[in-house]
Amino acid sequence: MSPRSTGCFRFTQLGDLPAYQFEAWQSQPHLVHAIFTRHGGVSRPPYATLNLSRAVGDDPSAVEHNHARIYQALDISRSQTVQCHLMHSSVVHVVTVQAAEPRLAPADGLVTAQPGVMLSMRFADCVPILLHDPQRRAVGLVHAGWRGTLQNVAAAAVRAMTENLGCAARDITALIGPSIGPCCYEVGTEVIQSFTTALPEMASSLLRRDGPRVYLDLWRANRQQLLAAGVGQVYNMELCTACRRDLFFSHRGDGGRTGRFGIVIGYRIGR
Ligand SMILES: [Zn+2]
């Protein structure tokens, strides 16, 4: 592993676990956030080592152990953490009650302004988007694969923050986390036709031809959708999971059998 800080993102150590953090958010009072890697856990290959998914065939006790490690690293409790099954949609939940039901109905976006609630999702190629409005102390987390991107799940999450949490879109900063990049995300006819039909004005800038191959740029698509939704600032880590399998799980890069790395964001209850 040869991790490095990248742009405004710092490679750091949270307790025993390596993780990335956004520099500007590190000093934000009470804000908790972390982009974990595949390292620091106890799972064995092909889930080595910090796999957080219970649905990929890994030993359940290893996954539980890994979850306990991230809670400890962030000094949060399991009961604060909110998760949902991901389904490649534009469904967004507004979480209003602290730890009412840690596992929500399926969705691909979670937003909250409730202190003490820690939003959590797992990734291996799909695009993670972290959202933060320091004015309202509101946060969001989005899972955008190609289907979610087509449905503009990023804008749906921003809308959930403006309509339900009183946020102004311009106050929101968005981070695009580690995910499969335009360098590696080769797509087939179904995806090409879907994007050309649904986003005719954007498709040519999102699809790159290289001989017989076509590559999709989900980073650019989500960045444009976030900016169109009025978000004030968008930062992209530009870390490709398929290029950096030494750091992250990659569904495509690892041939389908692999783990999921975790992202957490939320506010501690302030004093
Ligand atoms: Zn790549």
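Scoring rules and cut-offs
- The numbers attached to residues start from 1 for each chain and follow its sequence in the written order.
- In keeping with the model being predicted, local features are shown solely for residues with a pLDDT of at least 70 and side-chain atom pairs are shown and tallied solely at 80 or more, while totals for entire chains, interfaces and linings include all residues.
- Excluding hydrogens and water, the side-chain figures rest on all heavy atoms present in the structure.
- For Na, K and Ca the donor cut-off is 3.2 Å, and for all other metals it is 2.8 Å, counting N, O and S atoms only; because water is absent from this set, sites may look incomplete.
- A four-donor site is called tetrahedral if each angle lies between 85 and 135 degrees; a four-donor site is square planar, and a six-donor site octahedral, when trans pairs exceed 155 degrees and the remaining angles lie between 65 and 115; all other cases are labelled irregular.
- Burial classes follow relative accessibility: with a 1.4 Å probe on protein chains only, a residue under 20% of its type's maximum area counts as buried, one over 50% as exposed, and anything between as partly exposed.
- A pair of strands counts as paired when DSSP detects no fewer than two bridges linking them.
- Numbering goes from the N terminus for both helices and strands, where a helix is a DSSP run of H or I of at least four residues and a strand is a run of E of at least two.
- As used here, the arc is the angular range of directions from the helix axis to the C-beta atoms.
- Pairing of aromatic side chains requires ring centres within 6.5 Å, counting the rings of Phe and Tyr and the six-membered ring of Trp. Pairs whose planes differ by under 30 degrees are stacked, by over 60 edge-to-face, and all others tilted.
- Nonpolar cores were defined as sets of buried Ala, Val, Leu, Ile, Met, Phe, Trp, Tyr and Cys residues, with membership established by side-chain atoms within 4.5 Å.
- A contact between two residues is defined here by any heavy atoms of the two lying within 4.5 Å.

## Describing the coordination of the zinc ion
Every protein donor of the zinc ion is listed here as Cys 183 (SG), Cys 184 (SG), Cys 240 (SG) and Cys 243 (SG), and their distances to the metal cover 2.2 to 2.3 Å. Around the zinc ion, the four donor atoms are arranged such that angles at the metal cover 104 to 114°; this shape is classified as tetrahedral. Taken in sequence order, the residues that donate to the zinc ion follow the motif C-C-x55-C-x2-C. By relative accessible area, Cys 183 is classed as partly exposed at 40%. Look at Cys 184 and you get partly exposed, because its relative accessible area is 25%.

## Side note on the pairing of strand β12 (residues 207–210)
With four bridges connecting them, β12 and strand β13 (residues 213–216) associate as antiparallel partners. If you follow Asp 210 over to β13, its bridge partner there is Arg 213.

## Overview of helix α7 (residues 218–228)
Turning to α7, its buried residues number three or more, namely Leu 218, Trp 219, Ala 221, Asn 222, Gln 225 and Leu 226. Summarising the axial view, the buried residues of α7 lie within an arc of 165°, below the 170-degree limit, and thus occupy one face.

## Quick look at the packing of aromatic side chains
A complete count under the given rule lists seven aromatic pairs for this structure. Between Phe 22 and Trp 25, the ring centres sit 5.3 Å apart and the planes meet at 80°, which makes this aromatic pair edge-to-face. In this structure, Phe 22 and Trp 25 share a single accessibility class: buried. Aromatic pair Phe 22 and Tyr 235: ring centres 4.9 Å apart, planes at 55°, arrangement tilted. One end of the pair, Phe 22, is in strand β2 (residues 17–22); the other, Tyr 235, is in strand β14 (residues 233–236), and 213 residues separate them in sequence. Here Tyr 235 falls in the partly exposed class, since its relative accessible area comes to 24%. Among the aromatic side chains, those forming a connected cluster through ring pairs are Phe 11, Tyr 20, Phe 123, Phe 248 and Phe 261.

## A closer look at the nonpolar core
In this structure, Ile 129, Leu 131, Met 161, Val 187, Phe 195, Leu 216 and Leu 226 are the most contacted members of the largest nonpolar core, which totals 41 residues. Secondary structure elements with two or more residues in this core: β9 (127–133), β10 (138–144), α4 (153–164), β11 (173–176), α5 (189–198), α6 (200–206), β13 and α7. When residues in this core are grouped by element, the largest group, six residues, is from α4. Beyond its immediate sequence surroundings of up to four residues, Leu 226 is in contact with Ile 129, Leu 131, Ala 154, Val 158, Ala 174, Ile 176, Val 231 and Val 234. Of all hydrophobic cores here, the second largest spans 30 residues; its members include Phe 9, Trp 25, Val 95 and Phe 261.

## Considerations on the environment of Ala 68
Turning to its location among the elements, Ala 68 is positioned in helix α2 (residues 60–74). By relative accessible area, Ala 68 is classed as partly exposed at 36%. When the C-alpha positions of Ala 68 and Gly 41 are compared, they lie 9.8 Å apart, and in sequence the two are 27 residues distant.

## A few points about unusual backbone geometry
A negative phi holds for most residues other than glycine; trans holds for most peptide bonds. A cis geometry characterises the amide bond from Pro 45 onward to Pro 46, with omega recorded as 0°. Mapped onto the elements of the fold, Pro 46 is located in the loop between β3 (31–36) and α2. In this chain, Ala 48 is followed by Thr 49 through a cis amide linkage whose omega measures -10°. By the element assignment, Thr 49 lies in the loop between β3 and α2. The phi torsion at His 88 lies on the positive side, around 60°, for a residue other than glycine.

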